[in-house]
Amino acid sequence: MKISFPYMGTVVIYKKLLELLGHEVIVPPRPSQKTIDLGVKHSPEFACFPFKVIMGSYIEACEMGADTIVTSGGHGPCRAGFYGEIHKRVLKNLGYDTEVIIIDSFNRNRKKVMENIMKLKGNNSWLKLSKAVKFTYDMIQEIDKFDKKIREIKPYEVKPGSVDRAWEKIQKEFDNAYSKRELKKAVKRSNEIINSLEISRIDERDRIRIGIVGEIYVVMESSINMEIEKVLGELGCEVERGHYLSEWVDFNLVPSFLKKSHEEEIIKKGEKYIEIIIGGHAKQTVGGIVDFKDRGFDGIIHLMPFACLPELVTQSIIPKISKEHDIPILSLSIDEQTGKANNLTRIEAFIDLIRNKKLNKYSA
Ligand code: SF4
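Thresholds applied
- Residues numbered from 1 in each chain as written.
- Predicted model: local features only at pLDDT ≥ 70, side-chain atom pairs only at ≥ 80, totals over all residues.
- Heavy atoms only, no water.
- Domains from an automatic or database assignment.
- Contact = heavy atoms within 4.5 Å.
- Buried area = accessible area lost by both parts, 1.4 Å probe.
- Salt bridge = Lys/Arg side-chain N within 4 Å of Asp/Glu carboxyl O.
- Polar contact = N/O pair within 3.5 Å; in protein donor to acceptor, adjacent residues only side chain to side chain.
- Helix = DSSP H or I, 4+ residues; strand = E, 2+ residues; numbered from the N terminus.
- Nonpolar A, V, L, I, M, F, W, Y, C, P; charged D, E, K, R; others polar.
- Buried < 20%, exposed > 50% of the residue type's maximum accessible area, 1.4 Å probe, protein only.
- Expected span 1.5 Å × (residues − 1).

Engineer: Lay out the domain arrangement of the chain with the relevant residues and their values.
Structural biologist: The domains assigned to the chain are domain 1 (2-124), domain 2 (126-201) and domain 3 (204-363). One C-alpha centre belongs to domain 1, the other to domain 3, and the line joining them spans 25 Å. Contact with domain 1, which involves 28 residues of that partner, is made by 31 residues of domain 3. Here domain 1 and domain 3 share an interface that buries about 2300 Å² over both sides, 63% of which is from carbon and sulfur atoms. Sorting the residues of domain 1 by area buried against domain 3 places M8, R30 and F49 first, and these three jointly supply 25% of that buried surface. Among the ionic pairs, E336 bridges to K52, the shortest N-O distance being 3.8 Å. Between the two partners, domain 1 and domain 3, sit four residue pairs in polar contact (both at pLDDT 80 or more). Within the residue set of the side of domain 1 that touches domain 3, elements represented by two or more residues are α1 (12-20), α2 (33-42) and α3 (49-63). Broken down by element, the residue count for the side of domain 1 that touches domain 3 peaks at five residues, all from α3. Split into classes, the residues belonging to the side of domain 1 that touches domain 3 amount to 18 nonpolar, six polar and four charged.

Written out as structure tokens, the structure is:
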């Protein structure tokens, strides 16, 4: 099988698992204007923006020879549940005979998840499969710790761009690891890379911490969210996202009796605002805002893809959450219009507001 996957976040992880199972892996190019144009051209007009970018990404992967695509599923009253099937049909209409394997939540449909795992397992033994899964799981946990650390220190880099370059190097270290011993070495080397960075120290009162919440694809994929984490870092803010792959795996694929995920707590925190499942990550968005506030963050940026119903609902509740929890929240709509200037101006003004709010608090 020549396997590909949707390009989202730290792709080295998906690549690693499939490689360890002996598959030929086609890594799709990082989404670009060409990807967006292809996706927009071949998607239903009113599909949500992530659908279109992923569509474009699949077409690029198929052009590179992929015959199978592995992706995650969706549920509830949101279109994510239809993604796989519609993508498959569009690919077929374009002449690509591609199999789309959808891995859904283990807690929801164990039988279907097992069927799909069997397809990916192929002729590998169960022992080899479990070792590959365990290795990749450990890698996700480690790499996400560095991802968080990078965004925490970025605003204090002495040499502009040095932290972004360090992150590139760290990802390469993990990309080169194929055994437990190599993984340990990658962690050690990554710590050395972090420790070698020149970081300036600032007063605790001057720290600005921003949480990013919203729909998972636009939160995690920097190529389509204006590289918002980098932008905020350059504006002097520490950043943490509401979505990390390690947390997605813990919540969706690890049986709840084995591990209690942080996402469960987050959902509970948002229950007051959205009681029922309305699809996508709406519950995580509202719960995430409360959680960030509880952990002392100064502001929230809410990313919502164009034509995303769950996040549209969330947006309507945000003024109430902002008021009740006394935390500034900026909602940004992400779509195929890649002109950044308007959003950048809004982000700069939002950070100025937070900085002034903090100044007033400490000088009062
Ligand atoms: S959460 Fe929103 S963007 Fe994601 S699939 Fe559902 S409707 Fe589309």
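Engineer: Please give an account of unusual backbone geometry that cites residues and values.
Structural biologist: Of note in the backbone geometry, E227 takes a positive phi value of approximately 50° without being a glycine. For E227, the position within the fold is in the loop between α9 (216-220) and α10 (228-234). Residue E227 is classed as partly exposed on the basis of its relative accessible area, which comes to 30%. Here D326, not a glycine, exhibits a phi torsion of approximately 45°, which is positive. Topologically, D326 is positioned in the loop between α14 (309-325) and β8 (329-334).

Engineer: Residue-level account of helix α15 (residues 341-363), with values.
Structural biologist: A rise of 1.5 Å per residue sets the reference length of α15, with its 23 residues, at 33 Å; its end C-alpha atoms lie 33 Å apart and thus fit the reference within 8%. Regarding α15, the residues found buried are N343, I347, F350, I351, I354 and K358. Along its buried surface, α15 packs onto β5 (208-214), α10, β6 (237-241), β7 (299-305) and β8.

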